[in-house]
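What follows is each chain in one-letter form.
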Amino acid sequence: MTKARDTVARLATDHRELHSTVSKVGKAIDRNFIADFASTSREDVFAGAEKTHLLNQVICQHFYRQGMLDIADELAANSSLEFKLHRLQFIRLVQEGPSKQSEAITYARKHLTQFVNRHEKEVQSLMGTLLYLPNGIQSSPYSHLLDPMLWLDIHDVFTKEACTLLGLSVDSPLSVCINAGITALPALLNIKQVMQQRQVSGIWSGKDELPIEIDLGKQGRYHSVFACPILRQQSTENNPPMKLVCGHVISRDALNKLTNANKLKCPYCPVDQNPEDARLIYF
């Protein structure tokens, strides 16, 4: 018992400083972190067709990584085009009034029942239109189903999926180039006029780089662009981005300029490292 007491006393003495530090961890967490987890939830994060598509893409990629190929293939092939086509045909029958009620019901049983699991609410709305056939669905709560925009929507869906199957872009490359030129032309004319007035027009001689940045909006952004934080230049195939051991990224030209006798000090950390350990990364 004496030996045990001595051991406990020695351990208590050795860990006294650690105990004091550990006892402050809880207070530090309460002071620096917000306990209201509900405030971190935002319903608008995945709102919109584009964000929904990205979320679905992440889910499919997860199943592919886990080896669940059958599930991923089923989700990837989960197109809404077929359902939307059958929906428009059903609405066309309903629009013709009570005389087409039996035909509309038969059509729904034959073609819409297979979509109940994936489009339950939409199918329920379509069935609700049958209650308003005598007076017409134009003045019913389901009048939105007659919106001509539904035809434009099916046109866009059909075009996108057809282009996907063919490996083509949805937008015409020629149209994209012309629209980009129209957007950039006024700014380029202004900067050229300024250069001529200041007699520095010879500076604009680069073939692959514009003298100013032209923002084409979200519609004109097709890939990520890396700008070297050291040289302030966009990366190219000859000057790609390089990831240092410490995790910071600079261009290859900046890497070569900062290298001295096979040693490199990161301009941010700074961590001494071998420049040969830098790795080429792709955006």
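No experiment lies behind these values; they were computed from the predicted model shown.

Engineer: Can you tell me about a nonpolar patch on the surface, naming the residues and giving the values?
Structural biologist: There is a patch of nonpolar side chains on the surface, built from Val22, Val25 and Ile29 and spanning about 260 Å² of accessible area. In this structure, Val25 sits in helix α3 (residues 25–32).

Engineer: Can you lay out the nonpolar core for me, pointing to particular residues and giving the numbers?
Structural biologist: Counting 21 residues, the largest nonpolar core has Phe90, Val94, Leu112 and Leu126 as the members making the most contacts within it. When contributions to this core are tallied by element, the ones reaching two or more residues are α6 (81–95), α7 (101–111), α8 (120–128) and α9 (149–166). Formed by 11 residues, the second largest nonpolar core is a distinct cluster that contains Val249, Leu255, Leu264 and Ala278.

Engineer: So, helix α10 (residues 173–197): which residues are in play, and what are the values?
Structural biologist: Helix length check: α10, at 25 residues, gives a terminal C-alpha distance of 35 Å against a target of 36 Å (1.5 Å per residue), a fit within 8%. Within α10, the axis deviates most sharply at Leu185, by approximately 40°, and proline Pro186 lies no more than four positions further along. Listed in full, the buried residues belonging to α10 are Ala184, Leu188, Ile191 and Met195.

Engineer: Residue-level account of the state of the cysteines, with values.
Structural biologist: Within this structure, the stated rule accounts for zero disulfides. You can see Cys266 has no disulfide; the closest cysteine sulfur is in Cys246, sitting 3.5 Å from it. You can call Cys266 buried: its relative accessible area is 1%.

Engineer: Tell me what's going on with the environment of Phe83, and back it up with residues and numbers.
Structural biologist: As for its position among the elements, Phe83 is in helix α6. Taking the C-alpha atoms as reference points, Phe83 and Asn238, 155 residues apart in sequence, are found 48 Å from one another.

Engineer: Please set out the confidence of the model for the chain residue by residue, giving values where relevant.
Structural biologist: Of all residues in the chain, 90% have pLDDT values of 70 or greater, and the mean over the chain is 81. Strand β1 (residues 241–243) holds the highest mean pLDDT among the elements of the chain, 92, whereas helix α5 (residues 69–76) holds the lowest, 71.

Engineer: Hey, could you go over the domain arrangement of the chain for me, with residue numbers and the actual values?
Structural biologist: Once the domains are mapped, the chain shows domain 1 (80–166), domain 2 (171–199 + 212–221) and domain 3 (227–280). For domain 2 and domain 3, the distance between their C-alpha centroids amounts to 31 Å.

Engineer: Explain the sheet that holds strand β2 (residues 249–251) residue by residue, including any values.
Structural biologist: Strand order in the open sheet formed by three strands is β2-β1-β5, with antiparallel pairing between adjacent strands. The sheet is open, and its two edges are formed by β2 and β5 (279–280), each paired on a single side. As judged from the two bridges shared by β1 and β5, these two strands associate in the antiparallel manner. Within β5, the residue paired with Lys243 across the bridge is Arg279.

Parameters and conventions
- Residues numbered from 1 in each chain as written.
- Predicted model: local features only at pLDDT ≥ 70, side-chain atom pairs only at ≥ 80, totals over all residues.
- Heavy atoms only, no water.
- Patch = residues over 30% accessible without salt bridge, like charges linked within 9 Å, V, L, I, M, F, W, Y side chains within 5 Å.
- Areas by Shrake-Rupley, 256 points an atom, 1.4 Å probe, with all protein chains shown as cover.
- Salt bridge = Lys/Arg side-chain N within 4 Å of Asp/Glu carboxyl O.
- Helix = DSSP H or I, 4+ residues; strand = E, 2+ residues; numbered from the N terminus.
- Core = buried A, V, L, I, M, F, W, Y, C linked by side-chain atoms within 4.5 Å.
- Buried < 20%, exposed > 50% of the residue type's maximum accessible area, 1.4 Å probe, protein only.
- Expected span 1.5 Å × (residues − 1).
- Bend = angle between axes of the 7 residues up to and from the residue.
- Disulfide = S-S within 2.5 Å.
- pLDDT = per-residue confidence, 0-100.
- Domains from an automatic or database assignment.
- Pairing = 2+ DSSP bridges.

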